[in-house]
Amino acid sequence: MDLIITKQVSRFARNVLDSLNYIFMLRKLDPPVGVYFETEKLNTLDKSSNMVITVLSLVAQSESGRSPTV
């Protein structure tokens, strides 16, 4: 497996730390595994998407009713 496809960042994880940890762990595998978010057209293997994914993860967390932990 080299790519996980999911509809939105908010469907991947509801907690920003979980989301970033999973992305980091998948990226560290050999070969790296990316996550592609269809709605946002973002691929975690593209390092330029890190900030956008972080912000969208924070929004997803706030929408789920949990307080931010970052």
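We now turn to the structure provided with this report. If you're wondering where the values come from, they're calculated on a predicted model, not measured in any experiment.

Moving on: the overall build of the protein. Each helix and strand counted, the protein has three helices and three strands in total. Starting at the N terminus, the α and β elements of the protein follow one another as β-α-α-β-β-α. A compact globule built from 70 residues would reach a C-alpha radius of gyration of about 11 Å, and the protein, at 11 Å, matches this within 12%. Counting only C-alpha atoms and orienting by the principal axes, one finds that the protein spans roughly 35 × 20 × 20 Å. In the protein, which comprises 70 residues, the proportion classed as buried is 30%. Put simply, of all contacts in the protein between residues at least 6 apart along the chain, 55% involve residues at least 24 apart. Per element, the accessible surface of the protein, about 4,600 Å² overall, is 58% carbon and sulfur. Taking the average location of the 8 positive side-chain charges in the protein and that of its 7 negative ones, the two points are 4 Å from each other.

The next point concerns the environment of Ala13. If you trace the backbone, Ala13 turns up in the loop between helix 1 (9-12) and helix 2 (16-28). Along the primary structure Ala13 and Lys41 are separated by 28 residues, whereas in three dimensions their C-alpha atoms are 17 Å apart. With near-sequence residues (within four places) excluded, Ala13 lies in contact with Asp18, Ser19 and Ala60.

Conventions and cut-offs
- Residues numbered from 1 in each chain as written.
- Predicted model: local features only at pLDDT ≥ 70, side-chain atom pairs only at ≥ 80, totals over all residues.
- Heavy atoms only, no water.
- Helix = DSSP H or I, 4+ residues; strand = E, 2+ residues; numbered from the N terminus.
- Rg over C-alpha atoms; globule rule 2.2 N^0.38 Å.
- Buried < 20%, exposed > 50% of the residue type's maximum accessible area, 1.4 Å probe, protein only.
- Contact = heavy atoms within 4.5 Å.
- Areas by Shrake-Rupley, 256 points an atom, 1.4 Å probe, with all protein chains shown as cover.
- Lys, Arg positive; Asp, Glu negative; His and termini not counted.
- Charge placed at Lys NZ, Arg CZ, Asp CG, Glu CD.

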